[in-house]
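# Structural description and commentary
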Amino acid sequence: STPRIFYKQVEKCRFMFTTPQDRANALNKRLVEFGKRIQEVYNIKDMYDVEEDQEVALARLENVGVPRQEKVCCIGRICNEAHEGKLNRTSLLLEGSRHQSNGMRVNLDISPLLDANLETRSSFSLFPGQIVAVEGINASGRKLVAHKLCEGAAPPKAVLTAGEMKEFYKSEKEGMKIMTCAGPYTTMDNLEYNPLSDLLQQIREEQPDVVILTGPFVDIKHPLVQSGNVEIDVGEGNMSKIPHEALFAQRISALLEQLFEDEEGLGTQFVLVPHLDDAVAEFVYPQPPLSDRLPKGGKQLNLSSAEAIDFGSLGLHHIESVNRQPGQSTAPKRIHCVPNPCTLRINEVTIGITSTDVLFHMNCDEANGNLPPGSRLARLTQHLIQQQSYYPLYPPPVSNARNSSVNLDLKQMEKWSMECQPDILIVPSKLTTFARKVLDTTVAINPGQLSRGTAGGTYAVMDVHPMKRSLWEGKEEDVEIDDGVQDRICVEIKRI
């Protein structure tokens, strides 16, 4: 049967109207609320709690900056003492909340974690903006000597009931095939979108249930887009300059429309996620879904060289009516435009997606030590879950040749929080492609980019095998079920 896709509808909001006070309040609120979550998960007792100490993993909680001669536990945000440059082991600061610590910052000494002769030696990975619990001694009130680090707390898993499983699975053989890839979708020497055409040929052959496409769809870093020479052939060798929305409609929407015209019975659903480098999307994080700039499908201009070109429209609305009778409202949507980031559910599988290259940004501004060989990518991905955020880095990197700036709207910070631990976490990045299990129950995937320079790139194919009916059949409908996706998924990363 056709899989069902669930996600929250997000409305556009005003941005660039955030005052410094609003930003400070949002950062402080995030620190206080997530600090309570860490305190709950690690069972950290308050300093003046009169209850007897039970078996606890950490010392009692104290405000940042208060001198103590015994071990205490402080919860705060990692900051960089230097105003410029990468975070390193000697420039670490721990910042407390305004309410409890008056925003106090203290130096964080992690040398005991690096000393091979001490019992406190352990692995760690720190980056600016990370909220952590640190156990140590702050004898002077100005330097906290760390003995133990807790790098966050994962959110709870999504609840799945036996009644929902009965709706999703009508037979024993109903698994799912999901494909995912990330832009750019055309090579750097033209705007023909040949890699996307090759991908759609694979979709014709394999006919997956869902295809997740993350931007950029019209890349602002493409040389032809940067120069303003966005041209297409309008017939008889005549080239016409068109706006970015028309390029999207002619090169992406038209290819998808042609796919459904050629494959009449195709049941594949497409999920489109925008990117900060998209010329057809808002340039603020979190990003609203892709939408038409002009209402009612845009506007056709009466120009001889622009016939059948809709201006101000992405052309996605035409796809829903291909090979369908008018008024056929029961058919599932073919195109789902979702925000960046987003958490969606495909039947029983919860998927977290962010198209922003947060892994690369964190990798460029991370201080670590004693990490096992080959664990860097898994550790970076793990931070997103442990920080319950799709973009836990703050401040974002400065725009340069290696990085693109990220325009964070801190007033909307709750919209990039991770409400539940996803079964699959899709994090496209220019770093090495991978697919691996993190934190026991989440499969993290970096499908790579569909095109790299003037050559083709990679995409990922996920085969989710069905659950055994014995796990949920015959149980009460409100009984919670462990979906165990990590044990019944096969991921392949293929070259286009």
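All of the points below concern the structure found in this document. Keep in mind that this is a model prediction, so the values were computed, not measured.

### A few points about helix α7 (residues 244-262)
For α7, with 19 residues, the first-to-last C-alpha span of 26 Å sits near the 27 Å given by 1.5 Å per residue. Where α7 bends most, the angle comes to about 35°, and this point is Ser 253. Every buried residue of α7 is listed here: Glu 245, Ala 246, Leu 247, Phe 248, Ala 249, Arg 251, Ile 252, Ser 253, Leu 256, Leu 259 and Phe 260.

### A look at the sheet that holds strand β9 (residues 210-214)
Ordered in space as β15-β12-β9-β8-β24-β25, the six strands form an open sheet in which the pairing is mixed. Pairing within the sheet leaves two strands with one partner each, and these edge strands are β15 (335-337) and β25 (489-495). Averaged over all adjacent pairs, the angle separating strand axes in this sheet is 20°, with direction ignored. Sheet topology note: the β9/strand β12 (residues 269-273) ladder contains five bridges and is parallel. Following the sheet pairing, Val 211 is matched in β12 by Phe 270. Packing against the sheet, helix α5 (residues 194-206) makes contact with β8 (176-182), β9, β12, β24 (458-464) and β25, and its axis sits at approximately 180° to β8.

### Focus: the pattern of salt bridges
A full pass over the atoms with the stated rule returns 18 salt bridges. The structure contains a network of salt bridges with shared partners spanning Glu 62, Arg 68 and Glu 70.

### A closer look at unusual backbone geometry
The residue after Gly 183, namely Pro 184, is reached through a cis peptide bond having omega 5°. Along the polypeptide, Pro 184 turns up in the loop between β8 and α5. Here Gly 215 and Pro 216 are connected by a cis peptide whose omega angle stands at 10°. Mapped onto the fold, Pro 216 is located in the loop between β9 and α6 (223-227). Phi at Tyr 193 takes a positive value of approximately 60°, unusual for a residue other than glycine. With respect to the helices and strands, Tyr 193 occurs in the loop between β8 and α5. Taking relative accessible area as the criterion, Tyr 193 reaches 1% and is therefore assigned buried. If you check the backbone angles, Asn 370 has positive phi at about 60° while not being a glycine. For Asn 370, a relative accessible area of 28% corresponds to the partly exposed category.

### Considering a negative patch on the surface
Side chains of Glu 476, Glu 477, Asp 478 and Glu 480 sit close together on the surface and give a patch of like negative charge. Residue position: Glu 476 is located in the loop between β24 and β25. You can call Glu 476 exposed: its relative accessible area is 58%.

### A few points about empty space enclosed by the protein
As enumerated under the stated definition, the model contains three cavities of 30 Å³ or more in all. Counted as a void, the largest cavity has a volume near 100 Å³. Lining the largest cavity we find Val 10, Glu 11, Lys 12, Cys 13, Phe 15, Val 284, Pro 286, Gln 287, Pro 288, Asp 409, Gln 412 and Lys 415. Here the residues of the lining of the largest cavity sort into six nonpolar, two polar and four charged.

### Notes on the packing of aromatic side chains
A ring pair, where both rings are aromatic, is described by two values, the distance of the centres and the angle of the planes. One pass over the structure, following the stated rule, counts five aromatic pairs. Seen from their ring centres, Tyr 185 and Phe 217 are 5.3 Å apart, and the 5° between their planes marks the pair as stacked. Taken together, the residues span a long stretch of sequence, with Tyr 185 in the loop between β8 and α5 and Phe 217 in the loop between β9 and α6 at a distance of 32 residues. Of the two residues, Tyr 185 and Phe 217, neither departs from the other in class, the shared state being buried. Look at Phe 217 and Phe 248: their rings are 5.7 Å apart centre to centre, the planes differ by 80°, and that puts the pair in the edge-to-face class. Placement of the pair is Phe 217 in the loop between β9 and α6 and Phe 248 in helix α7, with a sequence separation of 31 residues. Feature note: the residues Tyr 185, Phe 217 and Phe 248 constitute an aromatic cluster, connected by ring pairs.

Definitions and cut-offs
- Residues numbered from 1 in each chain as written.
- Predicted model: local features only at pLDDT ≥ 70, side-chain atom pairs only at ≥ 80, totals over all residues.
- Heavy atoms only, no water.
- Helix = DSSP H or I, 4+ residues; strand = E, 2+ residues; numbered from the N terminus.
- Expected span 1.5 Å × (residues − 1).
- Bend = angle between axes of the 7 residues up to and from the residue.
- Buried < 20%, exposed > 50% of the residue type's maximum accessible area, 1.4 Å probe, protein only.
- Pairing = 2+ DSSP bridges.
- Axes fitted to C-alpha atoms, helices over the stretch in contact; angles between N-to-C directions.
- Contact = heavy atoms within 4.5 Å.
- Salt bridge = Lys/Arg side-chain N within 4 Å of Asp/Glu carboxyl O.
- Patch = residues over 30% accessible without salt bridge, like charges linked within 9 Å, V, L, I, M, F, W, Y side chains within 5 Å.
- Areas by Shrake-Rupley, 256 points an atom, 1.4 Å probe, with all protein chains shown as cover.
- Lys, Arg positive; Asp, Glu negative; His and termini not counted.
- Charge placed at Lys NZ, Arg CZ, Asp CG, Glu CD.
- 1 Å grid on protein atoms, 1.4 Å probe; cavity = no way out; pocket = protein on both sides within 12 Å on 5 of 7 lines; lining within 4 Å.
- Points joined across faces, edges and corners; volume = space filled by probe spheres on them.
- Nonpolar A, V, L, I, M, F, W, Y, C, P; charged D, E, K, R; others polar.
- Phe/Tyr/Trp six-rings, centres within 6.5 Å; stacked < 30°, edge-to-face > 60°.

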